[in-house]
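What follows is the residue order along each chain.
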Amino acid sequence: MAAGTAFAVSPETAAAAPGKVTLAPGCTASGAPDGTVGCLRLGVSPPASARTTVAPAAAPTGCGNGAWANMSRFVMCKATGGVYQVILAEGGTVVGEIYFNYFSMVTLSARELRWTQSFEYSPTYAWGALGTPTLWSVPDCMFYCTLVGGNPPTGSPLNNLAGSATFTSTRLPGQVWGASSDWGFWIVNPATINQVTPTLWANYPGHRCDDVLPGGTTGCANQDFVPTLEIPESRYPMYARHVRHAISTANLPSLLTRTTDSALRDANRRIACPEGSSYPRPAGYSCDEYPFAATTQGAAANPAGFTFNFDTKRLGRLICQVPWLTEHRSTTNRGYSACMIPAAENSLGGSDLQSFFLDNRVIDRDNFQVRA
């Protein structure tokens, strides 16, 4: 249903309504014995017998049902349902209802201190004596942000309404900080005693912004979503096989933690792939280590390493040509793996890892998954 599309109200009358109800917080009659009260609440679904006149707008796949869901490193979403009720002040009988769904989505930028938050409201079922309600909405800064602009929707809650807003955060040189926005909505109805309902909020928990990503600009990311580095065998035949067997055959961790400590990275490389005549490289090959040198799980954090040399029907072929390390066996319990792979694959794989860190704003001590 497009924004602004009118919604047909069911011809049901108050006789078909539920009986007396308990007013939600904020839905007070101010001591008046006559008239109606408008009440807005979330977490309510329409009755099973209710029939919608049109299909409600669908929330994006993966959007959280009643809670914020981490859809990606840069997208979070929340969807929920609710009801607006018109209730007799004396007696508490419901005389009209509008059931609705709404969702809010936050989209971040990996290379800018800027994000958007959207809001979409969709009625699903309505009946009874509603008066002339109007839904109002507002985007708001909650923590370390500035509202740049937007188009918050206002209109009849019998229509589908949608809008979005853009926010930005001020750069803090060399620091990591949290930032958050939010979106609220309420209903105004001159036909009710209270006229204005309390504001309901999406309660977005916020995200992380930083100015510490090596080689990158400032930006923001969803710190609660762990990104995955994919190493396709079609692009890196031997590199992918080495990493895959290190994880699946030798049970090395697939969840790694980045380090930007240059001394630790150098130590990892020096231990896993030492230089010198005792550690030869075949022509056209270079030494690859797993876990990566750019992680806290690298060679320096482990007591010993191993390598692979096998050619079997079940596992395939992986001849690593690393004579100074013991070949992996099912009974060994060692902490890192080294393998000679084509130098071009090693170089491209290293470039891809750095691009992955930049594209996903993986900063020092961030976790990431590896899949090969």
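Note that the structure is a prediction, hence the values are computed from the model and not measured.

Peer 1: What is the right way to look at the state of the cysteines in this model?
Peer 2: Note: disulfide means a covalent bond formed between the sulfur atoms of two cysteine side chains. All chains considered together, the criterion is met by 5 disulfides. With a sulfur-sulfur separation of 2.0 Å, Cys63 is cross-linked through a disulfide to Cys77. Judged by the torsion about the S-S bond (-80°), the Cys63/Cys77 disulfide is left-handed. Pair noted here: Cys63 is in the loop between β1 (36–42) and β2 (64–65) and Cys77 is in strand β4 (residues 75–88), with a separation of 14 residues, a long-range link. Take Cys63 and Cys77: they sit in the same class, and that class is buried. For Cys320, the disulfide goes to Cys339, at an S-S distance of 2.1 Å. Disulfide Cys320-Cys339: torsion about the S-S bond near -95°, hence left-handed. In this pair, Cys320 sits in the loop between β19 (316–319) and β20 (326–327) while Cys339 sits in strand β21 (residues 336–342), placing the two residues 19 residues apart along the sequence. As far as the burial class goes, Cys320 and Cys339 line up, both buried. Counting only the cysteines that take part in disulfides, in the order they occur along the chain, gives the pairing 1-2, 3-4, 5-6, 7-8, 9-10.

Peer 1: Can you walk me through the pattern of salt bridges in this structure?
Peer 2: Side chains that carry opposite charge are capable of pairing whenever their charged atoms lie near each other. Using the criterion set out here, one finds 14 salt bridges in the structure. The salt bridge involving Arg111 is made with Asp359; its shortest N-O contact spans 2.7 Å. One end of the pair, Arg111, is in the loop between β5 (94–108) and β6 (114–128); the other, Asp359, is in helix α3 (residues 343–359), and 248 residues separate them in sequence. Note on Arg111: relative accessible area 46%, which makes it partly exposed. Residue classification places Asp359 among the partly exposed residues on the basis of a relative accessible area of 38%.

Peer 1: Sorry, what's going on with a nonpolar patch on the surface here?
Peer 2: Together, Met142, Phe143 and Tyr144 make up a nonpolar patch on the protein surface, roughly 310 Å² of accessible area in all. The class for Met142 is partly exposed, based on a relative accessible area of 47%.

Peer 1: Got a minute to help me understand unusual backbone geometry in this structure?
Peer 2: Both trends apply: most residues other than glycine have a negative phi, and most peptide bonds are in trans. Here Tyr290 and Pro291 are connected by a cis peptide whose omega angle stands at -5°. Despite not being glycine, Asn203 shows a phi value in the positive range, around 55°. Along the chain, Asn203 turns up in the loop between β11 (200–201) and β12 (207–210). In this model, Arg365 sits at a positive phi of 75°, which is unusual for a non-glycine residue. Exposure remark for Arg365: the relative accessible area of 68% places this residue in the exposed category.

Peer 1: Please clarify how α3 should be interpreted in this entry.
Peer 2: For an α-helix, the turn length of 3.6 residues means that residues three or four places apart are oriented alike. With 17 residues, α3 extends 24 Å from end C-alpha to end C-alpha; this agrees with the ideal 24 Å at 1.5 Å per step. Lining the buried residues of α3 we find β14 (228–230), α1 (237–248), β16 (285–290), β21 and β22 (367–371). A positive backbone phi angle near 45° is found at Arg361, which sits one or two residues after α3.

Peer 1: Would you take a moment to explain the sheet that holds β22 for this structure?
Peer 2: By way of backbone hydrogen bonds, the strands of a sheet pair with one another, either parallel or antiparallel. In space, the 3 strands of this open sheet follow the order β14-β22-β15, with mixed pairing throughout. Edge strands, defined here as strands with exactly one partner in the open sheet, are β14 and β15 (255–257). Strand-to-strand twist in this sheet, taken as the mean axis angle between neighbours without regard to direction, amounts to 35°. The sheet contact formed by β14 and β22 spans 3 bridges and is parallel.

Procedures and definitions
- Throughout, residues of each chain are indexed from 1 in the direction in which the sequence is written.
- Per-residue local features of the predicted model are confined to residues with pLDDT of at least 70, and side-chain atom pairs are confined, for both listing and counting, to 80 or more; whole-chain, interface and lining totals are unaffected and use all residues.
- Hydrogens and water are ignored here; the side-chain numbers use all heavy atoms of the structure.
- Only a pair of cysteine sulfur atoms within 2.5 Å qualifies as a disulfide here.
- Only runs of H or I of at least four residues qualify as helices and only runs of E of at least two qualify as strands under DSSP, and these elements are numbered from the N terminus.
- To sort residues, take the accessible area from a 1.4 Å probe on protein chains only and compare it with the maximum for the residue type: under 20% means buried, over 50% means exposed, and anything in between is partly exposed.
- The rule for a salt bridge is simple: a side-chain nitrogen of Lys or Arg has to be within 4 Å of a carboxyl oxygen of Asp or Glu.
- Residues enter patches when they are more than 30% accessible in relative terms and free of salt bridges; like-charged ones are connected within 9 Å and nonpolar ones (Val, Leu, Ile, Met, Phe, Trp, Tyr) within 5 Å.
- The Shrake-Rupley method, run with a 1.4 Å probe, gives the accessible areas here. Residue values count only the displayed protein chains as cover.
- In a helix, the anticipated span is given by 1.5 Å times the number of residues less one.
- Here, residues are in contact when the closest pair of their heavy atoms is within 4.5 Å.
- Whether two strands pair comes down to DSSP finding at least two bridges between them.
- Note on geometry: axes are C-alpha line fits, over the in-contact stretch for helices, and angles between N-to-C directions span 0 to 180 degrees.

The analysis is restricted to geometry; functional conclusions fall outside its scope.
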